Amino acid sequence: MIPVPSHDRGGRPFEITLELVRDGESFGSVGERCGFHLARLARLVSVARADDSPQAVRWADPDDRFPDPPLDQSAQALPALAAQLPREPELFSFRYRDRGDLASTGELRCSLRTSSFWVGDQATSAAGIYGGWRIARRAIVEAWGAGGRGIRAVVTSTELQHFLIEVLEEAEHAGASYRDMTVRTSTGRFRR
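Quick look at the structure, then. Nothing here was measured: the structure is a model prediction, and the numbers come from that model.

As a further point, take the pairing of strand β3 (residues 25–30). On a regular strand, each side chain points to the face opposite its neighbour's, so the side chains alternate between the two faces of the sheet. Across 5 bridges, the pairing between strand β2 (residues 13–22) and β3 is antiparallel. For Glu-19, the partnering residue across the bridge sits in β3 and is Ser-29. Between β2 and the antiparallel strand that follows it, β3, lie 2 residues; Asp-23 among them carries a positive phi value of about 55 degrees.

Right, dumping it as structure tokens:
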């Protein structure tokens, strides 16, 4: 992904669009003015990963901690909505750039998936089964191009945070800054 700055009338960069590139070939442009949303998500992931976050109560491993997706937050206020939520809630979804673009010019989305797997010995004893279930939460980042080609990555919250930080740092190098929305260290770099 390459952040491409959007310019105001005076020629100053103020936001970004993402150019999707695979094997050196461009295959889509998504997320018109999406930098704000990515910076906000980077901050929310950082907060969710903290040991004092509400997510820490439910998820012992920081790699399983993600912010609650917007629809999940709405469901907390309206419990009747919870049964209608998608099984894999989205943290973001960026599609074609402009209303006039064809719907197939690209898509980038990030959804959450919770899965379980057995950890431990499969042997049994008089006391029961050794081992137990491990429940993990991961982000699925998918990018799809105009020709129907796509790529998918399954990432932890640490990896998602690093990905978002790298995109925001590249956006800053292109001239679009999100300093007011992100957590930074004393050196001026984004905090990982």
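What follows deals with the sheet that holds strand β5 (residues 107–119). The strand order across the open sheet formed by 4 strands is β4-β5-β8-β9, and the pairing between neighbours is antiparallel. What marks the edges here is a single partner per strand, and that holds for β4 (90–94) and β9 (150–155). Neighbouring strand axes in the sheet, compared pairwise and without regard to direction, differ in orientation by 25 degrees on average. Note: β4 against β5, 4 bridges, orientation antiparallel.

Within the element layout of this structure, Arg-152 appears in strand β9. Each C-alpha atom of the pair Arg-152 and Ile-140 lies 6.9 Å from the other, and the pair is 12 residues apart in sequence. With near-sequence residues (within four places) excluded, Arg-152 lies in contact with Ile-140, Val-141 and Glu-142. Within the structure, Arg-152 has its side chain in polar contact with the side chain of Glu-142 (distance 2.5 Å).

Attention now goes to the pattern of salt bridges. Under the defined criterion, the tally for this structure stands at 11 salt bridges. Across the salt bridge formed by Arg-134 and Asp-64, the nearest N and O atoms sit 2.9 Å from each other. Taken together, the residues Arg-134 in strand β8 (residues 132–144) and Asp-64 in the loop between α2 (54–58) and α3 (70–77) connect sequence positions 70 residues apart. Given the relative accessible area of 24%, Arg-134 is considered partly exposed. On the basis of relative accessible area, Asp-64 is assigned to the buried category, the value being 2%. Each of Asp-61, Asp-64, Arg-134 and Arg-138 takes part in one network of salt bridges that share partners.

Before going further, it helps to examine helix α4 (residues 157–173). Over its 17 residues, α4 runs 24 Å from end to end, which matches the ideal 24 Å to within 8%, given 1.5 Å per residue. Within the span of α4, buried status applies to Ser-157, Leu-160, Gln-161, Leu-164, Ile-165, Val-167, Leu-168, Glu-169 and Ala-171. With its phi angle positive at about 110 degrees, Gly-175 sits one or two positions after the end of α4.

For helix α1 (residues 35–49), with 15 residues, the first-to-last C-alpha span of 21 Å sits near the 21 Å given by 1.5 Å per residue. Residues of α1 that are buried: Gly-35, Leu-38, Ala-39, Leu-41, Ala-42, Val-45, Ser-46, Ala-48 and Arg-49. The inward-facing, buried residues of α1 contact β2, α2, β4 and α4.

Cut-offs applied
- Residues numbered from 1 in each chain as written.
- Predicted model: local features only at pLDDT ≥ 70, side-chain atom pairs only at ≥ 80, totals over all residues.
- Heavy atoms only, no water.
- Pairing = 2+ DSSP bridges.
- Helix = DSSP H or I, 4+ residues; strand = E, 2+ residues; numbered from the N terminus.
- Axes fitted to C-alpha atoms, helices over the stretch in contact; angles between N-to-C directions.
- Contact = heavy atoms within 4.5 Å.
- Polar contact = N/O pair within 3.5 Å; in protein donor to acceptor, adjacent residues only side chain to side chain.
- Salt bridge = Lys/Arg side-chain N within 4 Å of Asp/Glu carboxyl O.
- Buried < 20%, exposed > 50% of the residue type's maximum accessible area, 1.4 Å probe, protein only.
- Expected span 1.5 Å × (residues − 1).

Shape descriptors only; they carry no functional weight alone.
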